[in-house]
Amino acid sequence: MEALHELDIPGFTGRVLGPAHEQYAAARAVWNVMHDRAPALIAGCACPEDVAAAIVFARERGLTIAVRGGGHSLPGFSTVQGGIVIDLRGLNHVIVDPATRRIRVGGGALLGDVDRGAQAHGLVVPAGVVSHTGVGGLTLGGGVGRLMRRFGLTIDSLLSAEVVLADGRIVRASEEERPDLFWGLRGGGGNFGVVTEFEFQGHELSVLPILATFHPLEQAPDVLRLGQRTMAADDTPNELLWTSFLRRGPAQAPWMTPEFEGLPGIMSLIEWSGEIDEGRRLLADMQRELDPPAGELENVPYLEIQSITDELLAPGTLHAYVKAGFTSELTDDLVGAAIDRGSLVDSPLSVIEVLSLGGAINNVGNDATAFPHRDARWLINIAGQWADANATDQEIAWVRETFGALEPHLTGGAYSNFMEGDETHAAGVAYGSTLQRLAQIKASYDPGNVFHLNQNIEPASAS
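Residues numbered from 1 in each chain as written. Predicted model: local features only at pLDDT ≥ 70, side-chain atom pairs only at ≥ 80, totals over all residues. Heavy atoms only, no water.

(A) Here's a closer look at the overall build of the protein chain. Tallying secondary structure elements over the protein chain gives 13 helices and 18 strands in all. Scaling as 2.2 N^0.38, a compact globule of 463 residues should have a C-alpha radius of gyration of about 23 Å, and the protein chain matches this with 22 Å. A burial count over the protein chain gives 59% of its 463 residues as buried. Residue pairs at least 24 apart in sequence account for 73% of intrachain contacts in the protein chain once pairs closer than 6 positions are excluded. Counting only carbon and sulfur atoms, one obtains 49% of the accessible surface of the protein chain, whose full area is about 18,200 Å². Charged side chains of the protein chain number 32 positive and 59 negative; the gap between the two group centres comes to 4 Å. (Helix = DSSP H or I, 4+ residues; strand = E, 2+ residues; numbered from the N terminus. Rg over C-alpha atoms; globule rule 2.2 N^0.38 Å. Buried < 20%, exposed > 50% of the residue type's maximum accessible area, 1.4 Å probe, protein only. Contact = heavy atoms within 4.5 Å. Areas by Shrake-Rupley, 256 points an atom, 1.4 Å probe, with all protein chains shown as cover. Lys, Arg positive; Asp, Glu negative; His and termini not counted. Charge placed at Lys NZ, Arg CZ, Asp CG, Glu CD.)

(B) Spotlight on the pattern of salt bridges. For the coordinates displayed, the defined rule picks out 21 salt bridges. Where Arg89 meets Asp87, a salt bridge forms, and the shortest distance between an N and an O atom there is 2.6 Å. Its relative accessible area of 31% is what places Arg89 among the partly exposed residues. Arg101 is paired through a salt bridge with Glu204; the nearest N and O atoms lie 3.9 Å apart. With a gap of 103 residues between them, Arg101 in the loop between β5 (94-97) and β6 (102-106) and Glu204 in strand β11 (residues 203-204) connect regions that are remote in the sequence. Overall, Arg101 belongs to the partly exposed group, its relative accessible area being 33%. Connected through shared salt-bridge partners, Lys323, Arg400, Asp422 and Glu423 make up one network. (Salt bridge = Lys/Arg side-chain N within 4 Å of Asp/Glu carboxyl O.)

(C) Structural detail: the sheet that holds strand β18 (residues 378-386). Here we have 7 strands laid out as an open sheet, ordered β15-β12-β14-β13-β17-β18-β16, and antiparallel in their pairing. Edge positions in the sheet fall to β15 (294-301) and β16 (319-327), since each of these pairs with one other strand and no more. Ignoring which end each strand starts from, the neighbouring axes of this sheet average 15 degrees apart. The sheet contact formed by β16 and β18 spans 9 bridges and is antiparallel. Its bridge partner being in β18, Gly325 is matched across the sheet by Ile380. The sheet contacts of helix α7 (residues 220-232) involve β12 (207-216), β13 (240-248), β14 (264-272), β17 (351-356) and β18, and relative to β13 the element is tilted by about 160 degrees. Along the sheet, helix α11 (residues 392-406) contacts β16, β17 and β18; its crossing angle with β18, the most-contacted strand, is approximately 165 degrees. (Pairing = 2+ DSSP bridges. Axes fitted to C-alpha atoms, helices over the stretch in contact; angles between N-to-C directions.)

(D) Seen up close, the state of the cysteines. Taken as a whole and judged by the stated rule, the model has 0 disulfides. Cys45 forms no disulfide, and the closest cysteine sulfur to it belongs to Cys47, at a distance of 7.6 Å. (Disulfide = S-S within 2.5 Å.)

(E) Structural view of unusual backbone geometry. Phi at Asp291 is positive, roughly 45 degrees, even though this residue is not glycine. Mapped onto the elements, Asp291 comes out in the loop between α8 (276-290) and β15. Positive phi is not limited to glycine here, since Asn449 has a value of about 55 degrees. Secondary-structure assignment places Asn449 in the segment after α13 (435-445). Given a relative accessible area of 13%, Asn449 falls into the buried group.

(F) Main features of the nonpolar core. Ranked by internal contacts, the top residues of the largest apolar core, which has 44 residues, are Met148, Trp255 and Leu379. Excluding residues within four positions of it along the chain, Trp255 makes contact with Ala212, Thr213, Phe214, Met267, Ala294, Gly295 and Glu296. (Core = buried A, V, L, I, M, F, W, Y, C linked by side-chain atoms within 4.5 Å.)

(G) Structural context of the sheet that holds strand β1 (residues 15-17). Strand order across the open sheet formed by 4 strands is β1-β2-β4-β3, with mixed pairing between neighbours. In the strand order of this sheet, the two ends are held by β1 and β3 (65-68), each with one partner. Taken over all neighbouring pairs, the strand axes of this sheet differ in orientation by 20 degrees on average, direction set aside. The sheet contact formed by β3 and strand β4 (residues 84-87) spans 4 bridges and is parallel. Note on β4: the bridge partner recorded for Ile65 is Ile84. Sheet contacts for helix α2 (residues 48-61): β2 (41-44), β3 and β4; angle to β4, the most-contacted strand, approximately 170 degrees.

(H) Main features of the pairing of β5. Relative to β6, β5 is paired through 4 bridges, and the arrangement is antiparallel. Bridged to Asp97 within β6 is Arg102. Here β5 hands over to β6 after 4 residues, with Arg101 in that stretch at a positive phi of 60 degrees.

(I) The packing of aromatic side chains, seen in detail. Following the criterion strictly, the structure yields 4 aromatic pairs and no others. Geometrically, the ring pair formed by Phe198 and Phe200 is stacked, given 5.8 Å between the ring centres and 15 degrees between the ring planes. Both residues of the pair, Phe198 and Phe200, belong to the buried class. Ring geometry for Phe371 against Tyr415: centres 6.4 Å apart, planes inclined by 70 degrees, an arrangement best described as edge-to-face. Note that Phe371 is positioned in the loop between β17 and β18 and Tyr415 in the loop between α11 and α12 (426-431), a separation of 44 residues in sequence. (Phe/Tyr/Trp six-rings, centres within 6.5 Å; stacked < 30°, edge-to-face > 60°.)

(J) Structural view of the pairing of β14. Across the 9 residues of β14, 8 count as buried, placing the element largely inside the fold. As paired elements, β12 and β14 share 7 bridges and run antiparallel to each other. Bridge pairing links Phe214 to Met267 in β14. Note that β13 and β14 share 9 bridges and pair antiparallel. Within β14, the residue paired with Leu240 across the bridge is Trp272.

Have a look at this one:
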């Protein structure tokens with residue numbers, strides 16, 4: 001049989017790499033080193049037409065398609081064993097219109113590309129918190145990040161998308177054009193096609209006052225009780241975001257007191273995305289109430305806070321495994337279970353993240369987009385991250401056992417970008433009340449389920 005890497009893809013203008021190519025090994029690597037897979041071909045696309053050509057080529061040969069943007073997919077959906085990777089990294093343009101604050105972003109761009117392009121004009125696109133994350137996967141899953149309470153999820157700033165469908169057609173989706181597809185793209189993941197360009201509405205922001213604190217584990221109940229009271233209050237401003245991490249004291253933080261480095265405790269980042277002086281006054285009050293043994297209150301440039309963990313979480317250096325869920329309240333039982341499990345954290349990078357939701361997320365109706373979790377008040381993310389391959393079984397067990405301990409106190413559902421590939425009934429967990437409508441849209445745009453390396457939605461049957 002003719003080797004796939006010796007075949008030309010008709011109409012393809014980009015670069016095709018097979019296993020014999022000297023750049024193949026580097027090109028196939030993804031962020032999570034747990035997923036060491038060998039695609040038959042990597043199709044490095046230079047334009048949307050290349051994406052269309054690669055899809056047609058793959059379908060004709062029965063090749064499973066993986067779509068790679070930033071390569072950050074935790075379950076390894078960005079790569080595939082023996083199939084074809086449609087590599088979008090060449091489509092990484094960021095084009096800003098300062099007058100309209102509209103920002104066009106290539107499907108292979110990273111958050112850092114968007115942050116730098118937008119910040120040149122004093123703008124932001126609300127997105128994730130690690131700058132080498134891909135824009136595509138993050139957006140299509142909904143887009144949780146540090147600005148979501150102020151500006152909504154990433155999908156709430158999405159104006160339109162250019163999509164290559166399973167049959168190779170290149171189409172546009174927006175509220176006016178193919179609104180059903182546009183609805184599904186906003187939270188339905190990569191189930192419907194390959195997005196080669198996003199158009200976002202930018203927002204003005206350049207600096208965030210941030211209070212960083214660390215407390216020993218015995219003080220964690222008080223910290224989380226204050227977080228619950230603060231974020232549940234009727235007058236809590238949307239500009240305020242509370243994130244706490246049950247973890248070992250971070251040695252790399254410049255404000256960290258050496259005596260707590262490596263010890264189990266609770267680290268919090270309390271951030272303000274509004275007027276700076278108002279935010280500093282509010283955070284200073286919180287600092288006095290929390291009275292942390294380690295911490296600082298600083299005004300942090302947006303580009304700096306977005307890239308602060310880039311080296312620590314560098315691509316190709318870590319194994320990762322996560323489970324997550326939502327809750328409406330940090331109850332005493334939930335807090336107690338989380339602290340018990342937090343005391344067992346081994347890797348210095350593994351965390352139980354407690355992230356406040358609400359705010360502008362709730363300003364969008366539950367049926368306005370495919371993201372079905374807008375009523376949740378907290379996202380609990382159990383993230384195992386470790387460098388030593390020998391620790392894999394231990395770390396995965398810690399994540400699973402921690403989720404098992406917390407799940408009775410959660411309200412159901414999960415953020416699709418914080419899910420693994422081994423979830424039971426993954427589509428129902430990820431998409432909840434929107435799944436039936438998503439299945440109908442899937443049947444319209446991808447009836448053959450060509451795009452199934454994702455939290456997959458089965459097409460609705462004809463009946």
